[in-house]
Amino acid sequence: MSASQAGPSRTTLHTPASPTAQQSYIDPAAAPLASPQLANRINLVTYKQSTIKALIDPSLPVQDVIRQLCANAHLGVQEPPALFALRDDDNDELIDDANMAKKIEAGANFKLCSSPTIEAADMVDKLGSCDERVLKMATYTLQRLIREAPFTNEFVARGGVRELLNVIRNHSSGNTLAYALTSCQNLMDGFEYGWDIIDADIVAKVVNLLVSQERINVCRPATAILKKLVVSGPQDSPKMGRVLTDGSGAASAAPPPVYRYGFDFVYAEFQREPLFLQTLTNRIGSSDTTLKLYSLSLINSLLRNVSDELFESFTSELEKLNASKAVAWLMDSHRGDELASSILDYQTNVIRTAHRRMRTAVTPTDKRHVHALSYIWLQAKISDVVVPNKNPAQTTLNGASRTAGGATTRYKWRRIGFASESAAKEFGRTGWLGLLCLESFVRSDPDLYAKIILEQINRPEERRCMFARASIEVTSILADHWDIESGSFTASTSYLPFLLSLTKVHNLALRFFLRMWNESGAAASDFSRVSALVRSQVHDALGKQDEVSRTWIDLEDAFLHSEYRTVRDRQIKELEVDEDYNSKASIRNLRGRIYRESYEFVRQQRIQCLLEGAWFRNVVASSAVGAGAMGAKQRRGSTSTVETTNMAMPTISNGATAPTKPWRFYRLAPNKKFLYFCDSSDRVPIRGGLDDLPDRIDLSLVTEISHHGGAATGGGSGGAATGRELVISLLQSPDGCVAEMQALNASQLSEWTDGLNMLRDEGGVVSTRETADLINMLTEIGIKVKMLDLTGEQIELPATVQAPPLPSTTEFFFAEL
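Residues numbered from 1 in each chain as written. Predicted model: local features only at pLDDT ≥ 70, side-chain atom pairs only at ≥ 80, totals over all residues. Heavy atoms only, no water.

1. Some details on the overall build of the protein chain
So the rule is basically this: Starting at the N terminus, helices and strands are each numbered in turn, a helix being any DSSP run of H or I of at least four residues and a strand any DSSP run of E of at least two. Each residue is placed in one exposure class: buried if its accessible area under a 1.4 Å probe, protein chains only, is under 20% of its type's maximum, exposed if it is over 50%, and partly exposed if it falls in between. Residues count as neighbours in contact if any of their non-hydrogen atoms are within 4.5 Å of one another. For every accessible area listed, the method is Shrake-Rupley and the probe measures 1.4 Å; residues are considered covered only by the protein chains on display.
In terms of helices and strands, the protein chain carries 28 helices and 16 strands. The proportion of buried residues among the 817 residues of the protein chain is 50%. Considering only contacts within the protein chain whose residues lie at least 6 apart along the sequence, 69% involve residues at least 24 apart. Of the accessible surface of the protein chain, which amounts to about 38,900 Å², a share of 52% is contributed by carbon and sulfur atoms.

What follows is the structure, encoded as structure tokens:
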């Protein structure tokens, strides 16, 4: 279409009239008809072997542009325009109304190709082919295409997902299998429809592949698929809890059918592969970072979604496989990287598991509890005794059995240090967790345990240390230290490797309890005094500094070689500055409740910061971002800029290029699903709403929020960021970064890092010290207010306040109160 054909109206597409050149010039006469802003925006459009230069008006729909391109004689298109689509020639990104303006402004090269409808039909045919080469190329291309909604809609409608699953079912190795699994993963990550036809056979095949395959490109997507199925139970549906009903009471918004899986569905297939959990645990130590992340994320999802019936057996199996030991190794070797959020998530799951066990009562009807108690009794290698009953009237109250004559009492559990013969009731404070810790101590060294029991029996009764009671007390002290009982699962933002070895720490602390008892010459009435010494030592050994800064050798030295006098002197000093109300159960429960209220308050504040928006420095060196797109942009030497008027809002993906403007303004959309932004040379005023922000990031694509702390940099206008200080990275995977933003100060870093984390469905882990300190400060203030109970209801306030008279002389001074 030439300028003369365009008429007096605004020209949309300008191409030369010469029929002889494939790549031709701009008609000079056409330029005045185009918008002045478009004068330098020349785009190349290719179809098969033909290429033209064109000026394209970004304000028109893509379909109109395609129609005019198909009508251009130089391209030689014979088919109807409805069969075609426009793509970026460098990275094959589909051009639509949302991103066309940005692509035109960036000087992108376009190509005219088959529409998503034609591509989907062709793809379904190729997936049904018996030719391995055809299958390999089709599945390779499908990895990219299945991320696009227009293609996926047609692909699903034509039965393409079933063909894709058949490829997975019929292959046991090779790149074709890897590409098919990745395509399935991309479908499940991006859409809430189409993959509900996955059945138990496919799950069993994926589980088998994860166990039998060592190839990373197979194990990665297989692990990600299983995780997605685990978190796709009915309770995970975004529509649950907000289903509307019509006048007849029928549900008008049912959950998507893909939310029909969940833990039980997937775990049934796990159990058919005895080596599955062992393999998954081993891969936490993989050399591939992404595989580590996927494996740990799958374990976290299983722990969060495990059913009540399988909770104990599943968590016990993970403990036997030393999953916590593998994560503790990650804590030591991967500090502050992209695995941090998943590591903290696992740590939270450990606390949640311990909390649940602590709230599980020990009962004589639970076979596991009975087995543990029986083992503890048998390993003591002693026998019960019958002693004269000094006060027959109280025998029944003590829980001991009486002979027929009522003159004797049989002692069994009290011989190993319980306070009564009702051993199960003794674990009222610590529940199943306390019994597990006691059993673990016995299993770690049965001979030492038997020696301790025998030593205590041979002492005078008033000098005996009640071993079982001491074990329960130590468990309670450790639970208090790590805040297990209150249920504050997001309190810590630092690694707690010793928490992951709770039973081993209990072992050391219990031995310390016995040693302090012996060295202090304690009697039965001194139990609470020795308990206070142990509590002081636990706080000193574990709470004086971050746990990651101490080795296991340091911890053993603190518990096994500390002298009684040193511990006692330190405890006395602590008592001078610390109130002991913190150790009371009522205060601990109050703390847990106020902590959760404080956390929710800070969460809302952080999210409000995102809704208001803020300026950030652009990170010039964008890392790990869409290698194909970036490489192509760099070859052309072009850059991507954002126009803030007269364009639809484009969606940013891994094809984003490194920004050139020094400032970027971000604002969270009211639906909290997208993060809108714009680039600018200066920090100009931004109106409320989203009209000034043309670009957006789909937060559902973000799987990890990583931040790099450091000293705050200067705030000069237009100043370039130096180094990697205060940078927040929105990661789609360890190998892909959706966006990077450099905060202006540490407070902004904390607000946005934790705000973005708290938006996510999973985790919500506090990851900065500033937010954690704020929550803890509000918690402490809340506790003190509750303790003081200052309501003001009985205070009489005068209607007016009389000013005191002025001093009669200047001979006065202000007292220092």
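2. Comments concerning a nonpolar patch on the surface
What counts here: For patch detection, residues must exceed 30% relative accessible area and be free of salt bridges, and they are connected within 9 Å for like charges or within 5 Å for nonpolar side chains (Val, Leu, Ile, Met, Phe, Trp, Tyr). In the sections that follow, a salt bridge refers to a side-chain nitrogen of Lys or Arg positioned within 4 Å of a carboxyl oxygen of Asp or Glu.
On the surface, a nonpolar cluster with roughly 270 Å² of combined accessible area is contributed by Met-777, Ile-781 and Val-785. Its place among the elements puts Met-777 in helix α28 (residues 769-788). The class for Met-777 is partly exposed, based on a relative accessible area of 45%.

3. Quick word on the packing of aromatic side chains
Think of a pair of aromatic rings as described by two things: how far the centres are apart, and how the planes are tilted against each other in angle. Going by this rule: Pairing of aromatic side chains requires ring centres within 6.5 Å, counting the rings of Phe and Tyr and the six-membered ring of Trp. Pairs whose planes differ by under 30 degrees are stacked, by over 60 edge-to-face, and all others tilted.
One pass over the full model with this rule turns up 25 aromatic pairs. Pairing Tyr-47 with Phe-84 gives two aromatic rings, centres 5.7 Å apart and planes at 80°, and the pair type is edge-to-face. Separated by 37 residues along the polypeptide, Tyr-47 in strand β2 (residues 42-47) and Phe-84 in strand β4 (residues 84-88) bring together distant segments of the chain. Neither Tyr-47 nor Phe-84 differs from the other in exposure class; each is buried.

4. Overview of the pattern of salt bridges
In a structure, side chains of opposite charge can pair up when their charged atoms sit close to one another. Going through the model one piece at a time under the given rule, you end up with 33 salt bridges. For Arg-67, the salt bridge identified is with Asp-64, shortest N-O distance 4.0 Å. Placement of the pair is Arg-67 and Asp-64 together in helix α2 (residues 62-71), with a separation of three residues, close to one helical turn. On the accessibility criterion, Arg-67 (44% relative accessible area) is partly exposed. A relative accessible area of 26% places Asp-64 in the partly exposed class. A salt bridge links Lys-103 to Asp-88; the nearest nitrogen and oxygen atoms lie 2.9 Å apart. Here Lys-103 is found in helix α3 (residues 100-105), whereas its partner Asp-88 is found in strand β4, with 15 residues between them in sequence. With a relative accessible area of 5%, Lys-103 lands in the buried category.

5. Here we look at the environment of Tyr-267
Relative to the helices and strands, Tyr-267 is located in helix α11 (residues 263-270). Once the C-alpha coordinates of Tyr-267 and Leu-310 are considered, the two residues, 43 residues apart in sequence, prove to be 9.5 Å apart. With residues up to four places along the chain from it excluded, the contact list for Tyr-267 reads Leu-310, Phe-314 and Glu-317.

6. Looking at the packing of helix α7 (residues 160-170) against helix α8 (residues 175-190)
As a reminder of what qualifies: Axis definition: a line fitted to C-alpha atoms, over the contacting stretch in the case of helices. Angles run 0 to 180 degrees between N-to-C directions. What sets the label is the angle itself: under 35 degrees gives roughly parallel, over 145 gives roughly antiparallel, 65 to 115 gives roughly perpendicular, and the rest give oblique. Left-handed describes a crossing whose near helix is turned anticlockwise from the far helix by less than a right angle; the clockwise case is right-handed. In this count, Pro and Cys sit with the nonpolar residues alongside Ala, Val, Leu, Ile, Met, Phe, Trp and Tyr, while Asp, Glu, Lys and Arg are called charged and the others, Gly among them, polar.
The contact between α7 and α8 brings their axes to 9 Å, and the two run at 140°. Here α7 lies oblique to α8, going by the angle between them. Relative to α8, α7 is oriented so that their crossing is left-handed. Two secondary-structure elements touch here, α7 through Val-161, Leu-164, Leu-165, Val-167 and Ile-168 and α8 through Thr-176, Leu-177, Ala-180, Leu-181, Ser-183, Cys-184 and Leu-187. Here the contact of α7 with α8 is composed, by residue class, of 10 nonpolar, two polar and no charged.

7. Focus on the pairing of strand β3 (residues 50-56)
Cut-off, in case you're wondering: Here, a strand pair is defined by DSSP locating no fewer than two bridges between the strands.
Burial within β3 is extensive, with six of its seven residues counted as buried. Of the strand pairs in this sheet, β2 and β3 are connected by six bridges, and their pairing is antiparallel. Paired with Val-45 across the bridge in β3 is Ile-52. Following β2, the chain reverses through two residues before pairing antiparallel with β3; Lys-48 in that reversal takes a positive phi of roughly 55°.

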